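Next come the chains, spelled out residue by residue.
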Amino acid sequence: MKIYAHRGASKYAPENTMPAFELAQKLGADGIELDLQLTKDQVPVIFHDENVRRTTNGTGFIKDYTLKELKTLDAGYRFSKHYQNTRILSFEEFLDWFADTNLLLNAELKTNVFDYPNIEERVLFLIEKYNVKKRTTISSFNHNTIKRVRDLDSNINLGWLTKRAIANIDQFLKQIGANQIHINKRLLFSKMIRTIINNQIPFRVYTVNQISFLKRSMQLNAEGIFTDIPDKMKKYIR
Ligand code: G3P
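Q: How should the pairing of strand β4 (residues 104-109) be read in this particular structure?
A: Residues in a regular strand project their side chains so that they alternate between the two faces of the sheet. Within β4, five of the six residues are buried, leaving the element largely enclosed by the surrounding structure. For strand β2 (residues 31-38) and β4, the ladder comprises six bridges, and the chain directions are parallel. Pairing of G31 across the sheet is with L104, part of β4. Sheet topology note: the β4/strand β5 (residues 136-140) ladder contains four bridges and is parallel.

The following block contains the structure:
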């Protein structure tokens, strides 16, 4: 089972920033999970919330900032003074580092609030440019995003994210072109998980920070988990 550092090693360093990604690698994570949105000038950047307020010293939406403007924000000081002056990263800057690692990547397209036009094309273009498609999975809560990615690329690993159980999940995933499903940990105890297992659909679980959910994920043979504490999860499964 693969351990993905959720927004990097986000328990120990500011989420979705270079320090969190570097730390994830150092702590032995198998992969990195990160979130992507588009700036006003259409650049894919790594950020979880649509609004910059929670994790930076700015206000307003990512979509209303150019990359240059976003770079003036401090994405570290709210986490701790030690990380003051940490910058928001473009996806390309991340890939420049990631390409030389052996890590896996799970890139979530955050299109559940704003429907960033052509985010799928822009992200796929960069994944091809850095030649990392084989170790990358794209995911999204938005099934229209999943469909668009699949229309653009017939073989990239593609996971639909859900916090709710739905009936006939196997058929739904086929319809949208997802080859895996990423479920909220509470769904480890749902009826839907049986359908997933019976149909041998690869699944990942978020966000697993407790041993009880880790154990359940292992028992059910999850393909991966997303965790804020990759070091602890790795240690346990070893
Ligand atoms: O991709 C797994 C997980 O990150 C999904 O939830 O809210 O952290 O984007 P969230």
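Resuming the write-up.
Q: Would you mind going over the nonpolar core with me for this structure?
A: One broad trend across soluble globular proteins is that nonpolar side chains are buried collectively. Within the largest apolar cluster, 63 residues are counted, with the highest numbers of intra-cluster contacts made by L34, F91, F94, I181, I183 and F203. In contact with L34, not counting residues within four places along its chain, are N16, F21, I46, F91, F94, L105, N106, A107 and E108. One finds V45, F47, V52 and L70 within the second-largest nonpolar core, a separate group that totals 10 residues.

Q: Hey, could you run me through the packing of aromatic side chains in this one?
A: The geometry of an aromatic ring pair is captured by the separation of the ring centres together with the interplanar angle, meaning the angle of the planes. Under the counting rule described, the total for this entry stands at 11 aromatic pairs. One aromatic cluster is present, formed by F21, F91, F94, W97 and F98 through successive ring pairs. Here K63 stacks its cationic end above the ring of F114, 4.9 Å away from the centre of that ring. In this structure, K185 is placed above the aromatic ring of F213, and the distance from its NZ or CZ to the ring centre is 5.6 Å.

Cut-offs used in this document
Residues numbered from 1 in each chain as written. Predicted model: local features only at pLDDT ≥ 70, side-chain atom pairs only at ≥ 80, totals over all residues. Heavy atoms only, no water. Buried < 20%, exposed > 50% of the residue type's maximum accessible area, 1.4 Å probe, protein only. Helix = DSSP H or I, 4+ residues; strand = E, 2+ residues; numbered from the N terminus. Pairing = 2+ DSSP bridges. Core = buried A, V, L, I, M, F, W, Y, C linked by side-chain atoms within 4.5 Å. Contact = heavy atoms within 4.5 Å. Phe/Tyr/Trp six-rings, centres within 6.5 Å; stacked < 30°, edge-to-face > 60°. Lys NZ or Arg CZ within 6 Å of the ring centre and 35° of its normal.

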